[in-house]
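# Results of the structural survey
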Amino acid sequence: MIAEMKNFSIAVVASTLAACAQPLKLTPDDSKVVLAHQLLDAPNPADRGPYTVKTLYYGSGTDKQRRYFRDSVAIKTKPTDASAFVSMTPEQASDRKGYWGFEAKQFPINGRVWYPDGPGPFPLVLVVHGNHNMKDFSDPGYQYLGEHLASRGFILVSLDENFLNGALRNENDGRAWMMLKHLEAWRGFNDSVTSPLRGKVDMRNIAIMGHSRGGEAVGHAAAFNRLSRYPDDAKVKFNFNFDIKAVVAIAPVDAQYKPAGQFTPVENVDYLVIHGSHDGDVSAFTGLRQWQRVKFTDGKPWFKSAWYVYRANHGQWNTVWGSTDAGPRSARFLDLRGLISPEEQRQFGKVVIGAFLEATLHNKHEYLPLFRDHRVAGAWLPKTMYITRFQENGYEPLANFEEDVDVTTGTVAGVSLTGDSLSTWKEDALNLRWQNAPMNDNAVWLGWNRHIAGDDTTKLGRPATYTIALSDSISHALHVDMRSSIYLSVAPTEAKPGPREAAKDSTKKRDSTKARPKPKPPETKKDAKDTTTIDFTVELVDANNVTARLPLTRYGAPRRPLETHVLRRADREQSQFANTYELVLQTYVMPLADFVTASPQFAPDKLKAIRLVFDRAVVGTIILDDIGVSAIDPAFLAQARP
Amino acid sequence: MRVSALIFSGTTALVAATPQRVDGQCLGQRLPTSASTRGVAMGDASTAMRDDDVIFYGPAQLAVARGTSAAAERYFDRLASGTVSTASRLASGGIGVGAQVIEGRNVDPCLQPMLGPGGTFTFTPAARTISRTLAVVGAAQTYKRFHVGASAKYAAAQLDDQRTSRFLFDAGASRDFTLGDFVPLTVALAVQNIGTSARDTTQLITPLRGALGLASGGPVGPFDLAIAAQLAVERNGVQSIVRHGRFIPGLGVELGYTWLDGYSVAVRIGERTPPTRTDLRHFTFGGGLVLDRISVDYAVEDLVGFRLAHRVGIRLR
């Protein structure tokens, strides 16, 4: 009896332990197909460039904790008063002063610089880390990027903002403001006759880059740069106006600081955001919210790009932070088995950040197609899966589902929306997977099932359609022509609507004496796994009713949601996350010229309707957003799709 | 509350079921007072700990203590104890409730030596049944970095049909520090049994007591190290502290290993100054197993005469 009890106890304990740690679950990798081609004919931006790299430090020269900024500074800088932007409890202030030797009134301007050995001038790129253990200094973690970019003709500066790390809250405006104070210092470095950097800096070509909280801060910095006063205290004047051309956010948070209580608006910069699906710190793609808010209003050729990197984490883009996103002991709860290697993650950083900076600061337009369709760089990108968003200044929205609650109207007057044979047609808000936090973006859900309810399972109804119809005036106003492209952003979901009802036979007389059974509502199976590709046909119709059809898959890989489990314990994963995936829509840019090639009679300048015909998958549901047209810069289309 | 009630009734049943075999030794009325299984294994240095049963050691740490626990201990055949406690968050502080029952039974007749005038011993019949009951309710609040707490307790002792009871109070303060690179240190001060009298001290075992406790810990390789230390002084009735030398140090070390968030094992060892006139000796040791929200703790106390007292506790978080 005792032995039985013992065995039973052992079995209970063993099964309890086994039940809690979940097996590794990943979406099967399709990169062998998706990244099978290298179509971009340009030097790999991850390859080391021709320049010899030099380094220097600038800073206070008195730093108590950082010997580099005490003993090795080539340029001494004056401390700055950041007290208007950073609030601390008296205890925090006291502790921090004890450790750092200064308070917010004397924050140092410390930076480590990698720069090309050459006369210049070279574009200036500032990178700022995010929050981390303040005593585990974060700024050296971008050395790989500094050496790489400097070899390619950029000056990279990794800012020391470790003194803003730790338990401070709502300090991201301070991080941003410090970044701009660094730029002020750089103006001096470039002008000073005694500076080793005199004349080497192209102050008209500046990029700012930030990671995590620093990734949020770069948005604030881009906004502050063009303001004359601090939104939260107008007594504080700004006078920056630097030529910030490009902004890069690496796994950023969003809206921890909200200027004047509003989400930070960013305008007229090139913007890149990257985020890992397996981020164990910022476990939702919050940077997409800032990406949505980036607007192009001055007619200049700006673009914005967002990359969701499957199996990348938060910290591996910084060599100090590494794989344990929530601290050195976080391997106890973070599932690190699915991560791509640190080398692969940093290779991705070199490719995408490198190409972005080459395109935006060096004006190397040969890299632009990478941001329209990442499949053109299959040989450069590490072999994992990517979902990318893209938009450029020419984009004109037809339907982004933000403007009202009428599902039949588009974003601009003259655009109407209709559905036919759809099982699901609704507009709703997109949420982030972490605690269902709002993405501040609406989209339309479209579901279909061609099966007809009944015994005959082979019987299929006509394909469902969703049509965006353009009035003559709007078509004319948008100047749609052969050079234009159609934009769609799509994410297939796992939802499978049930079979549609059989069409009623109106020739049969109904027996009114029999009670009519209530029709069963179509079943919707949300959780059933299906690996078939969700593809559909994009059909364009001109004013002469000539149609041109192309499959969506020609312009990108429509993937079902990428399965993501960040935590080792299934129960904790379930309690913290609303879904086991992030809903990230893939942007498809479809040149009208391709439709003309497919159907030469089609007249793009007479575009009357964009019709999505759900004929390539029998059953499925998609989320659709940001339908638009654009007279896109041909440089983005230079490389043919695979 | 249902869980707490279940734990309480289970513990009471366990205590009641403890064998009451007569072995000829005489049980004194001064009973052991340890209330925390983890604390016992760590030399009873519990003042700065943050388990729910800290309510028996000092109320300040109720500000950070969470959980519900029950423990039963069998010292030897005729003496056993049961303890339940719970602590939960309330605003920026916490509240806690605890109860402890210790029961002993003597052979009949059992004579115990009593020191009489002139240094002569006389033997008087000891009580046949001895019990001590303690009920505590406390609360703590955090002000800036300080936790300040107070608790009220009802202590009762019964020797056969003679019953003594008293309401007493505890007060305490504690503060969390950080040493070097994120090594936490908690310092806690507790004054217990405020309002006690000389008679209470001997009958209710409630000496006026002051305790300064420290708790710290951190990672050591793949392990988690926890250290608890305590120095207590007791004013034993009308006699002064220094004259009786009642400085009562205690020290305990715990080494834990977590293989999955929420799942860990730990071994503990402790050294303490045992209460006088009990069978308890210096060394304690034990272990713990944490399975998500449930932890099972085990402690062993070294007793006079190469005997061991075993204590088992279950904690819900």
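Residues numbered from 1 in each chain as written. Chains lettered and ligands numbered in written order. Predicted model: local features only at pLDDT ≥ 70, side-chain atom pairs only at ≥ 80, totals over all residues. Heavy atoms only, no water.

## Examining a nonpolar patch on the surface
A cluster of nonpolar side chains, contributed by B:Val220, B:Phe223, B:Leu255, B:Tyr257, B:Val265 and B:Val267, occupies part of the molecular surface with about 470 Å² of accessible area. Locating B:Phe223 in the fold gives a position in strand S11 (residues 223-235). (Patch = residues over 30% accessible without salt bridge, like charges linked within 9 Å, V, L, I, M, F, W, Y side chains within 5 Å. Areas by Shrake-Rupley, 256 points an atom, 1.4 Å probe, with all protein chains shown as cover. Salt bridge = Lys/Arg side-chain N within 4 Å of Asp/Glu carboxyl O. Helix = DSSP H or I, 4+ residues; strand = E, 2+ residues; numbered from the N terminus.)

## Some thoughts on the nonpolar core
Residue and element names in this part refer to chain A. Counting residues in each nonpolar core, the largest one holds 82 residues, and the members touching the most others are Tyr58, Phe107, Leu124, Ile155, Val157, Trp186 and Ile208. No other element matches the nine residues that helix H6 (residues 172-191) contributes to this core. Composition of this core by domain shows at least three residues from each of domain 1 (31-392) and domain 2 (396-502 + 520-637). Isoleucine 208 has contacts with Leu126, Met179, Val218, Ala221, Ala222, Ile244, Ala246, Val247 and Val248, leaving out every residue within four places of it along the chain. Membership of the second largest hydrophobic core comes to 56 residues, among which are Val34, Leu145, Phe390 and Ala635. (Core = buried A, V, L, I, M, F, W, Y, C linked by side-chain atoms within 4.5 Å. Buried < 20%, exposed > 50% of the residue type's maximum accessible area, 1.4 Å probe, protein only. Domains from an automatic or database assignment. Contact = heavy atoms within 4.5 Å.)

## Description of the packing of helix H5 (residues 143-151) of chain A against helix H9 (residues 342-360) of chain A
All names here are of chain A. Remark: H5 packs on H9, axes separated minimally by 11 Å, with the N-to-C direction vectors making an angle of 40°. Taken together, H5 and H9 sit at an angle that is classed as oblique. Of the two possible hands of crossing, H5 and H9 adopt the one that is right-handed. Only Arg346, Lys350, Ile353, Gly354 and Leu357 of H9 make contact with H5, whose side of the interface consists of Tyr144, Leu145, His148 and Leu149. Among the residues forming the contact of H5 with H9, the class breakdown is five nonpolar, two polar and two charged. (Axes fitted to C-alpha atoms, helices over the stretch in contact; angles between N-to-C directions. Parallel < 35°, antiparallel > 145°, perpendicular 65-115°, else oblique. Left-handed = near helix turned anticlockwise from the far one by under 90°. Nonpolar A, V, L, I, M, F, W, Y, C, P; charged D, E, K, R; others polar.)

## A closer look at H6(A)
Helix length check: H6(A), at 20 residues, gives a terminal C-alpha distance of 29 Å against a target of 28 Å (1.5 Å per residue), a fit within 8%. A large share of H6(A) lies buried, amounting to 16 of its 20 residues. (Expected span 1.5 Å × (residues − 1).)

## Regarding the interface of chain B and chain A
Contacts between chain B and chain A engage 18 residues on the former and 16 residues on the latter. The largest share of the area that chain B buries against chain A comes from B:Arg145, B:Leu260 and B:Asp261, three residues that together contribute 37% of it. Among the ionic pairs, B:Arg145 bridges to A:Asp95, the shortest N-O distance being 2.8 Å. Across the chain B-chain A interface, the total number found is 12 residue pairs in polar contact (both at pLDDT 80 or more). Contributing elements (two or more residues each) for the side of chain B that touches chain A: S11 and strand S12 (247-260) of chain B. With three residues, S12(B) is the largest single contributor of residues to the side of chain B that touches chain A. Along the lines of polarity and charge, the residues of the side of chain B that touches chain A split into eight nonpolar, four polar and six charged. (Buried area = accessible area lost by both parts, 1.4 Å probe. Polar contact = N/O pair within 3.5 Å; in protein donor to acceptor, adjacent residues only side chain to side chain.)

## Thoughts on the pattern of salt bridges
Enumeration over the complete set of coordinates arrives at 47 salt bridges over all chains. With its nearest N and O atoms 3.4 Å apart, the salt bridge here joins A:Arg572 to B:Asp292. Residue A:Arg572 is found in helix H12 (residues 570-576), and its partner B:Asp292 is found in the loop between strand S14 (280-291) and strand S15 (294-303); the two belong to separate chains. B:Lys153 is the salt-bridge partner of B:Asp170, the closest N and O atoms lying 3.1 Å from each other. Placement of the pair is B:Asp170 in strand S8 (residues 162-179) and B:Lys153 in strand S7 (residues 146-159), with a sequence separation of 17 residues. This pair shows no difference in class: B:Asp170 is buried, exactly as B:Lys153 is. One connected set of salt bridges, linked through shared partners, spans B:Arg38, B:Asp51, B:Asp52, B:Asp53, B:Glu254, B:Arg268, B:Asp297 and B:Arg315.

## Remarks on the environment of A:Ile274
With respect to the helices and strands, the residue A:Ile274 is situated in strand S11 (residues 270-276). Excluding anything up to four places from it in sequence, A:Ile274 contacts A:Ala249, A:Ile250, A:Ala251, A:Pro252, A:Trp307, A:Trp317, A:Phe348, A:Val352 and A:Ile353.

## Quick look at helix H7 (residues 213-224) of chain A
Residue and element names in this part refer to chain A. The terminal C-alpha atoms of H7, which comprises 12 residues, lie 16 Å apart, in line with the 16 Å expected from a rise of 1.5 Å per residue. The element H7 is extensively covered by neighbouring structure, given that 12 of its 12 residues are classed as buried. Three or more residues of H7 are buried, namely Arg213, Gly214, Gly215, Glu216, Ala217, Val218, Gly219, His220, Ala221, Ala222, Ala223 and Phe224.

## Observations concerning a negative patch on the surface
Among the surface-exposed residues, A:Glu402, A:Glu403, A:Asp404 and A:Asp406 lie close enough to one another that they form a single negatively charged patch. For A:Asp404, the position within the fold is in the loop between strand S15 (396-399) and strand S16 (415-420). (Lys, Arg positive; Asp, Glu negative; His and termini not counted. Charge placed at Lys NZ, Arg CZ, Asp CG, Glu CD.)

## Re the pairing of strand S13 (residues 263-272) of chain B
All names here are of chain B. Direction of pairing for S12 relative to S13: antiparallel, over a ladder of 10 bridges. Paired with leucine 251 across the strands is glutamate 271, a residue of S13. The turn linking S12 back onto S13 is made up of two residues, and glycine 262 within it adopts a positive phi angle of 95°. Both S13 and S14 contribute to a ladder of nine bridges, which runs antiparallel. Looking across to S14, one finds that serine 264 is bridged to valine 290. (Pairing = 2+ DSSP bridges.)

## Side note on the sheet that holds S11(A)
Residue and element names in this part refer to chain A. As summarised here, the arrangement of the 10 strands in space is S2-S1-S3-S5-S4-S6-S9-S11-S13-S14, forming an open sheet in which the pairing is mixed. Of all the strands in the sheet, the pair left with one neighbour each is strand S2 (73-76) and strand S14 (386-392). With direction set aside, neighbouring strand axes in the sheet form an average angle of 20°. Here six bridges tie strand S1 (residues 53-59) to strand S3 (residues 111-116), and the two strands are oriented antiparallel to one another. Looking at the pairing, leucine 56 lines up with valine 113 of S3. Docked against the sheet, H5 engages S1, S3, strand S5 (155-159) and strand S6 (201-211), running at close to 30° with respect to S3. Together, strand S4 (122-128), S6 and strand S9 (244-250) form the strand contacts of H7, whose direction differs from that of S6 by roughly 140°.

## Overview of the environment of A:Met178
All names here are of chain A. Checked against the element boundaries, methionine 178 lands in helix H6. Since its relative accessible area comes to 0%, methionine 178 is described here as buried. It is 7.8 Å that separates the C-alpha atoms of methionine 178 and isoleucine 109, two residues lying 69 residues apart in sequence.

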